[in-house]
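For reference, the chains in residue letters:
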Amino acid sequence: MNIWLNGKQFTISSSSLSALIKAQSFQPPFAVAINEVFLPQAKHATYQLKPDDVIDIVSPIQGG
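Residues numbered from 1 in each chain as written. Predicted model: local features only at pLDDT ≥ 70, side-chain atom pairs only at ≥ 80, totals over all residues. Heavy atoms only, no water.

Asker: Would you explain unusual backbone geometry in this entry?
Answerer: Looking along the chain, the bond that leaves Pro 28 and enters Pro 29 is cis, with omega of 0°. Here Pro 29 lies in the loop between helix 1 (17–23) and strand 3 (31–34). The phi dihedral of Asp 52 falls on the positive side, at around 70°, and the residue is not glycine. Take Asp 52: it is sitting in the loop between strand 4 (37–39) and strand 5 (54–58). (Helix = DSSP H or I, 4+ residues; strand = E, 2+ residues; numbered from the N terminus.)

In structure tokens, the structure reads:
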């Protein structure tokens, strides 16, 4: 299945969002948006990705 993650196309074998997060080694804290809609952290473990989903995973940046 093809998806978009942070602007790059990927082919993945699992539709599990949590598997994608683990495979890409994202470290908390981060926020997830799928097709421009933020997904609450409580749903990350059960969310199933669909072909051509656009996933953005962003981490806060400190600065001043």
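Asker: I keep staring at the nonpolar core and nothing clicks. Help me out?
Answerer: The nonpolar side chains of a soluble globular protein tend to be buried, and buried together. Formed by 13 residues in total, the largest nonpolar core has its most connected members in Leu 17, Leu 20, Val 32, Ile 34, Leu 49 and Ile 55. Within the residue set of this core, elements represented by two or more residues are strand 1 (2–5), helix 1, strand 3 and strand 5. Per-element accounting of this core gives the leading share, three residues, to helix 1. If we ignore the near neighbours within four places in the chain, the residues touching Ile 55 are Ile 3, Trp 4, Leu 5, Asn 6, Leu 20, Val 32, Ala 33, Ile 34 and Leu 49. (Core = buried A, V, L, I, M, F, W, Y, C linked by side-chain atoms within 4.5 Å. Buried < 20%, exposed > 50% of the residue type's maximum accessible area, 1.4 Å probe, protein only. Contact = heavy atoms within 4.5 Å.)

By themselves, these are just geometric observations and shouldn't be taken as functional.
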